[in-house]
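Coordinates in review
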Amino acid sequence: MKPFPLLALTVFWLISSALTPLHAKEQLEIKEYGLITPPACIVDSNREIKVYPGTSEQIVNFGGFLAAAGDFEVGKDGGIVHEDRIYFDESNMPFLHPLLQEFLFRHECAHVKLDHLDIPRTKRLGRYWDIEKGADCQALLEMKQDSPDFSQEAESILQHFNLIANAIMPAPPGKEAVKQQFIDQRIANMRKCNAFQS
Ligand SMILES: [Zn+2]
């Protein structure tokens, strides 16, 4: 089923808006877990994708929230080279449950593994749900391989994702319900991942 236009517009609005810092959300009793060591991201069997801290604003500019993967132009040996990198929101990430942190790092790594960075930016919005589902499913599958009790972990990830996405994303004016619908859609897609089939 294709998402209806209002949802597509909201997706664009949500992923291009400034985030609310989690530590400002006192009413949620969000605690600081501390930053986990990001899981190694190895693609094409030997290429390591490095992880860098960034600001919330940078992450949003890179087209993500909480973390983002991208192909960056960086100076090296007096010239400019392209380098795939993962950035994470250093002010918010330590407030996420460690399982959700791991999920998000693996999700960004999956964007690189699945060649999503090769899709032109102009085409990414139209394929938003496919792309995100692909990365979510890959991340969940990897976590399942490492976990003897994945079904409980997976529920935890979805629950924390719902809580955090709600806390951190501002709703478009008068569109609280559409924001929740956006979050629900993402979670419903995750439940369709192979990792959820026993
Ligand atoms: Zn993504």
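Our structure is the block above this text.
Residues numbered from 1 in each chain as written. Predicted model: local features only at pLDDT ≥ 70, side-chain atom pairs only at ≥ 80, totals over all residues.

Things to note about the overall build of the protein chain
In terms of helices and strands, the protein chain carries seven helices and five strands. Put simply, the protein chain runs from its N terminus to its C terminus through helices and strands in the order α-β-β-β-α-β-β-α-α-α-α-α. Out of the 198 residues in the protein chain, the part that is buried amounts to 28%. (Helix = DSSP H or I, 4+ residues; strand = E, 2+ residues; numbered from the N terminus. Buried ≥ 20, exposed ≤ 12 C-beta atoms within 10 Å, placed from the backbone.)

Regarding the packing of helix H6 (residues 150–168) against helix H7 (residues 176–191)
The interhelical angle for the contact between H6 and H7, taken along N-to-C directions, is 160°, at an axis separation of 10 Å. With respect to H7, the element H6 is oriented roughly antiparallel. Regarding H6 and H7, the two cross each other, and that crossing is right-handed. In this structure, H6 contributes Leu-158, Phe-161, Asn-162, Ala-165 and Asn-166 to the contact, and H7 contributes Ile-183, Ile-187 and Met-190. (Axes fitted to C-alpha atoms, helices over the stretch in contact; angles between N-to-C directions. Parallel < 35°, antiparallel > 145°, perpendicular 65-115°, else oblique. Left-handed = near helix turned anticlockwise from the far one by under 90°. Contact = placed C-beta atoms within 7 Å.)

Things to note about the sheet that holds strand S3 (residues 50–54)
Strand order across the open sheet formed by three strands is S3-S5-S4, with mixed pairing between neighbours. Either end of the sheet is taken by a strand with one partner, and the two such strands are S3 and strand S4 (67–76). For this sheet, the mean angle separating the axes of adjacent strands, direction not counted, is 50°. Summarising the sheet, S4 and strand S5 (residues 79–89) pair through 10 bridges and their orientation is antiparallel. When the sheet's bridge partners are listed, Asp-71 is paired in S5 with Asp-84. Those strands touched by helix H3 (residues 98–113) are S3, S4 and S5, and its axis lies near 60° from that of S4. (Pairing = 2+ DSSP bridges.)

Observations regarding helix H5 (residues 128–145)
For H5, spanning 18 residues, the distance from its first C-alpha to its last is 26 Å, which sits close to the expected 26 Å at 1.5 Å a residue. Looking at the buried side of H5, the elements it contacts are H3, H6 and H7. (Expected span 1.5 Å × (residues − 1).)

Some remarks on the environment of Val-112
Mapped onto the elements of the fold, Val-112 is located in helix H3. The class of Val-112 is buried, set by 23 C-beta atoms lying within 10 Å. Sequence separation between Val-112 and Cys-41 is 71 residues; the distance between their C-alpha atoms is 9.1 Å. If sequence neighbours within four positions are ignored, Val-112 has contacts with Cys-41, Val-43, Ile-49, Ala-69, Asp-84 and Leu-117.

As for the environment of His-107
Considering the arrangement of structural elements, one finds His-107 in helix H3. A sequence separation of 35 residues divides His-107 from Glu-142, and the C-alpha atoms of the two residues are 9.8 Å apart. Sequence-distant contacts of His-107, that is, excluding residues within four places in its chain, are made with Ala-135, Asp-136 and Ala-139.

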